[in-house]
Amino acid sequence: MSPSVFTFNDAKDKFTAATRSALDSKTTKPIITTFNQLPGNETEKKTTLDQALRGVLEAEIVKQKGSCDDFLSLIDLSIDSVTEGICSATTPFLLLGDVLDCLPLDQCDKIFTFVEENVSTWKSNSFYSAGKNYLLRMCNDLLRRLSKSQNTVFCGRIQLFLARLFPLSEKSGLNLQSQFNLDNITVFNKNEQESTLGQKHSEEKEEGMEVEEGEMGDEDEPAPCSIPIDYNLYRKFWTLQDYFRNPVQCYDKFSWMTFLKYSDETLAVFKSYKLDDTQASKRKLEELRTAGGEHVYFAKFLTSEKLMDLQLSDSNFRRHILVQYLILFQYLKGQVKFKSSTCVLNDDQCLWMEETTKLVYQLLRETPPDGDKFATMVEHILNTEENWNSWKNEGCPSFVKERPADAKPIRPTRKRPAPEDFLGKGPDRKIFMGNDELTRLWNLNPDNMEACKSDSREFMPSLEEFFEEAIEQADPANMVEDEYKVVRNSNYGWRALRLLSRRSPHFFQPTNQQFKSLADYLESMVIKLAKELPKDIPSEEIKTGEEEDDDNGDNLLKETNDSPGIQHKLVSNQQMDEVAAKLGSQWKSLASQLEMKAAEMREIETESEDVDMQAKLLLVSWQDREGTQATVENLASALTAAGFPKIAEALTET
């Protein structure tokens, strides 16, 4: 029986039936079962399932029988299929795009709520890379269909969703060149002949503005402005919006003069006409803060001439205008990367902006309700904005710090110096210690151990020399107070005890006398020494076993230098060179007699290929291990035992 062959149409029909069954049972088991039963490779089956899901969605939309819940159930099913690994990661986003393209805006609101709730899913590793571009395109398509003035809330939700989805450093969501929205033009009456200001009108409706019945009652209507409003004030006030829209105009000399003149007049109006809590419609604000109240948004300014007196009396409107000033000033004074080099303010302009900024904050604090709190909040937000400006000027670096590599620097390996680099060289057989001073000290005497026994190395003072000052101070005739005596010095007392233990017999004599301190003991010892030690007779030194061995050390040192045949003479470098040259390749026979280990012998062989040098390394290793026992007698005995009696005889004769 031949194996079954994958057929796209049959597989699509089976996946379609499995999808409808999965929608009814609200589980992905029917789809998983069908996926495992079908022949073909995994890519073919995934592609077929993608088409089947889109086909089921298309059928539901065409029949117009499906509700938003049915569409969302199908999208949930596709998300679970991606998690199970049987569906392409782009399929849920394609289904979302198809649904939003085919539904009216009121139903798109419900679908987008589902998109917002699953933002954590879209940011997961399984979906983000595959779907971020689909989500961006879908949101842009929605924004093109929506009106910024009528669907302000929906547009804001889309922008917030994109801000949550993409990282802050995502280039597609950044205004890198600090461009302005020059299309945001505020339209107002620029023809003075058509102006209605100063005339009495009884009309309640005006073209372009409709007031519904009951929308504004007598209680809610703000008190009319007491300042006379003419067309010049109206024109100058709304002309300022063009500078807020495009701040670059302020760097032009003539435009700046116009802006300066219009701003002074506008701020003078705000300063002369102050609001109180009644005019700020406090009761309206309290209603908006209740749970059932709706929020108020200002997407676009209303520039009707009839509204001018009401707008000047409205606290929210005044706050909008004043905050616009602060934002404009921050841009003019700030450092922007893409700002032209000609965009520079002079000292007079900077001084005017500083004074005007103080005035604006003062007006904000005087504007009810909660003027102080609102002004403080705005100042804090603008200070924070400086950090974002600096971040953009630096090229928008990522906020995620990469973990530094844990690779440790490779420590350079030091080449082990060859023996010929530090052992005796030249006619004087000088040993190099790696430092000029160490080399000089090491080569002062061919036998350093014997040199240490020289009289010049004797640093222990006699009892008379050390205690001379103490004996003088102990004499009552000198009248030295106890606190000034040297025996009271702890450092002197410690050295005195060491000297007494080596040179005075009184140190080891038992006594029943008790002393409270070391100074008291030393005073008693000084009195005894003053009586027993004449100044012209040297003190008797205690003979210990170690000092008996050192007796006549000078003669021993002299005999050592003059009598090379003594049995305990150490092997010199010259002798080792001669023995190594005679041994040659037979050095391994001597190694066994010198009790060298096999590992040490292998190391010697790897260090040098020259057999004479290998023999020399053997003798050096033996000398380092034996130390003072590396004598001519011991080496001669080892040579004789190894079968080299002639070499041993020549060694003892040198």
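Refer to the structure printed above.
In what follows, the accompanying structure is described. Not measured: the values here are computed from a predicted model.

### Section: the overall build of the protein
Alright, step 1. Counting its secondary structure elements, the protein contains 30 helices and 0 strands.
Alright, step 2. Counting contacts in the protein only where the partners sit at least 6 residues apart, residues at least 24 apart contribute 72% of the total.

### Thoughts on a negative patch on the surface
Alright, step 1. Together, E465, E468, E469, E472 and D475 make up a negatively charged patch on the protein surface.
Alright, step 2. Relative to the assigned elements, E472 resides in helix 20 (residues 463-474).

### Some words on the packing of helix 25 (residues 573-583) against helix 28 (residues 611-626)
Packed helices, taken two at a time, are described by the angle between their axes plus the distance between the axes.
Alright, step 1. One way to put it is that helix 25 packs onto helix 28 with a least axis distance of 8 Å and a crossing angle of 135°. The orientation of helix 25 with respect to helix 28, classified from their angle, is oblique. Of the two elements, helix 25 crosses helix 28, and the hand of that crossing is right-handed. Across the interface between the two elements, M576, D577, V579, A580, A581 and L583 of helix 25 pack against D612, A615, K616, L619, V620 and Q623 of helix 28.
Alright, step 2. Along the lines of polarity and charge, the residues of the contact of helix 25 with helix 28 split into 8 nonpolar, 1 polar and 3 charged.

### Here's the deal with the environment of A470
Alright, step 1. Along the chain, the position of A470 falls in helix 20.
Alright, step 2. For A470, a relative accessible area of 5% gives the class buried.
Alright, step 3. When the C-alpha atoms of A470 and K485 are compared, they prove to be 7.1 Å apart, with 15 residues separating the residues in sequence.
Alright, step 4. Excluding residues within four positions of it along the chain, A470 makes contact with V486, V487, Y492 and V526.

### Brief notes about unusual backbone geometry
Alright, step 1. The residue after P368, namely P369, is reached through a cis peptide bond having omega -5°.
Alright, step 2. Although it is not a glycine, C396 sits at a positive phi angle of roughly 55°.
Alright, step 3. Structurally, the position occupied by C396 is in the loop between helix 16 (371-393) and helix 17 (419-422).
Alright, step 4. We note that E595 has phi near 60°; this positive angle belongs to a residue other than glycine.
Alright, step 5. Checked against the element boundaries, E595 lands in the loop between helix 26 (587-593) and helix 27 (598-607).

### Thoughts on the pattern of salt bridges
Alright, step 1. Taken as a whole and assessed by the stated rule, the structure comprises 14 salt bridges.
Alright, step 2. The residue K616 makes a salt bridge to D577 at a minimum N-O spacing of 2.4 Å. A residue pair is termed long-range when its members are at least 10 positions apart, and K616 in helix 28 and D577 in helix 25 qualify at 39 residues.
Alright, step 3. Among the ionic pairs, K588 bridges to E605, the shortest N-O distance being 2.4 Å. Pair noted here: K588 is in helix 26 and E605 is in helix 27, with a separation of 17 residues, a long-range link.
Alright, step 4. Here K588 falls in the partly exposed class, since its relative accessible area comes to 41%.
Alright, step 5. Among the charged side chains, a network of salt bridges with common partners joins D109, E116 and R157.

### What to know about the packing of helix 14 (residues 315-333) against helix 16
Alright, step 1. Here helix 14 crosses helix 16 at 25°, and the two axes come no closer than 11 Å. Classified by the angle between their axes, helix 14 and helix 16 sit roughly parallel to one another. In the packing of helix 14 onto helix 16, the handedness of the crossing is right-handed. Contacts between helix 14 and helix 16 involve R319, V323, L326, I327 and Q330 on the former and, on the latter, G371, F374, V378, L382, E385 and E386.
Alright, step 2. For the contact of helix 14 with helix 16, the per-class residue count stands at 6 nonpolar, 2 polar and 3 charged.

### Considering the side chain of T357
Alright, step 1. Considering the arrangement of structural elements, one finds T357 in helix 15 (residues 347-366).
Alright, step 2. Residue classification places T357 among the buried positions, given a relative accessible area of 16%.
Alright, step 3. Those residues within four positions of T357 in sequence are excluded, and the remaining contacts are L326, F329 and K333.

Cut-off values and rules
Residues numbered from 1 in each chain as written. Predicted model: local features only at pLDDT ≥ 70, side-chain atom pairs only at ≥ 80, totals over all residues. Heavy atoms only, no water. Helix = DSSP H or I, 4+ residues; strand = E, 2+ residues; numbered from the N terminus. Contact = heavy atoms within 4.5 Å. Patch = residues over 30% accessible without salt bridge, like charges linked within 9 Å, V, L, I, M, F, W, Y side chains within 5 Å. Areas by Shrake-Rupley, 256 points an atom, 1.4 Å probe, with all protein chains shown as cover. Salt bridge = Lys/Arg side-chain N within 4 Å of Asp/Glu carboxyl O. Lys, Arg positive; Asp, Glu negative; His and termini not counted. Charge placed at Lys NZ, Arg CZ, Asp CG, Glu CD. Axes fitted to C-alpha atoms, helices over the stretch in contact; angles between N-to-C directions. Parallel < 35°, antiparallel > 145°, perpendicular 65-115°, else oblique. Left-handed = near helix turned anticlockwise from the far one by under 90°. Nonpolar A, V, L, I, M, F, W, Y, C, P; charged D, E, K, R; others polar. Buried < 20%, exposed > 50% of the residue type's maximum accessible area, 1.4 Å probe, protein only.

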